[in-house]
Amino acid sequence: MATDYDSPRKTDDDLSEDSLQELQARRTDKASGSIDIDETDLAESLELPGADLSNEELSLRVVPLQADEFTCARCFLVHHRSQLAVERNGQRICRECAA
């Protein structure tokens, strides 16, 4: 596509007028008038009818520390023995914390 370098260039006023025209065109656009609703905000405001969960108990099976696992002394997460980086004075540190 050929460009005419001799034609007058647009000034800042022309650019702002274009922007105003675009904004006015958007105002008449039906799709731009809709409001985006965040689903998490909507879910927080909902209450289930008759949902009294105060007497509910969670049952969870806790597995004890296995022989090939250790608890990191810095992050307190349980890791596999292959993730052990350093062991000083009985404190075991995982690779992520040692880095």
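Our subject is the structure listed above.
Residues numbered from 1 in each chain as written. Predicted model: local features only at pLDDT ≥ 70, side-chain atom pairs only at ≥ 80, totals over all residues. Heavy atoms only, no water.

Asker: Would you mind going over the overall build of the protein chain with me for this structure?
Answerer: Along the backbone of the protein chain there are three helices and four strands. Each helix (α) and strand (β) of the protein chain, taken in turn from the N terminus, gives the series α-α-β-β-β-β-α. With 99 residues in all, the protein chain has 5% of them scored as buried. Of the contacts made within the protein chain by residues no fewer than 6 positions apart, 6% connect residues no fewer than 24 positions apart. Of the roughly 9,900 Å² that the protein chain leaves accessible, carbon and sulfur atoms contribute 50%. (Helix = DSSP H or I, 4+ residues; strand = E, 2+ residues; numbered from the N terminus. Buried < 20%, exposed > 50% of the residue type's maximum accessible area, 1.4 Å probe, protein only. Contact = heavy atoms within 4.5 Å. Areas by Shrake-Rupley, 256 points an atom, 1.4 Å probe, with all protein chains shown as cover.)

Asker: Whenever I open this one, unusual backbone geometry confuses me. Can you help?
Answerer: The bulk of non-glycine residues show a negative phi, and the bulk of peptide bonds are trans. In this structure, Phe76 takes a positive phi of about 60° despite not being glycine. If you trace the backbone, Phe76 turns up in the loop between strand S1 (69–71) and strand S2 (78–80).

Asker: I'm lost on the pattern of salt bridges in this one. Help?
Answerer: Pairing is possible between side chains of opposite charge, provided their charged atoms come close. Overall, the coordinates contain one salt bridge when judged by the stated rule. Between Glu87 and Arg92 there is a salt bridge, and its shortest N-O distance comes to 3.6 Å. For Glu87, a relative accessible area of 48% gives the class partly exposed. (Salt bridge = Lys/Arg side-chain N within 4 Å of Asp/Glu carboxyl O.)

Asker: Help me understand the state of the cysteines in this model?
Answerer: According to the stated counting rule, one finds zero disulfides in the structure shown. Among the cysteines around Cys72, which has no disulfide bond, Cys75 carries the closest sulfur, lying 3.6 Å off. Its sulfur unpaired, Cys97 is 3.6 Å from the next cysteine sulfur, which belongs to Cys94. (Disulfide = S-S within 2.5 Å.)

Asker: Please clarify how the pairing of strand S4 (residues 91–94) should be interpreted in this entry.
Answerer: The two faces of the sheet receive side chains in turn, since in a regular strand these alternate between them. For strand S3 (residues 84–88) and S4, the ladder comprises four bridges, and the chain directions are antiparallel. When the sheet's bridge partners are listed, Arg88 is paired in S4 with Gln91. Between S3 and S4, which pair antiparallel in sequence order, lie two residues; one of them, Asn89, sits at a positive phi of approximately 50°. (Pairing = 2+ DSSP bridges.)

Asker: It is not clear to me how the environment of Ile93 should be interpreted in this structure. Could you clarify?
Answerer: Relative to the elements of secondary structure, Ile93 occurs in strand S4. Sequence-wise, Ile93 and His79 are 14 residues apart; in three dimensions their C-alpha atoms are separated by 9.6 Å. Contacts of Ile93, omitting those with residues within four sequence positions, involve Phe70, Cys72, Arg74, Gln83, Leu84, Ala85, Val86 and Ala98.

Asker: What am I meant to see in the side chain of His79 here?
Answerer: Along the chain, His79 falls in strand S2. For His79, a relative accessible area of 13% puts it in the buried group. Aside from chain neighbours lying at most four places away, what touches His79 is Asp68, Glu69, Phe70, Cys72 and Cys94.

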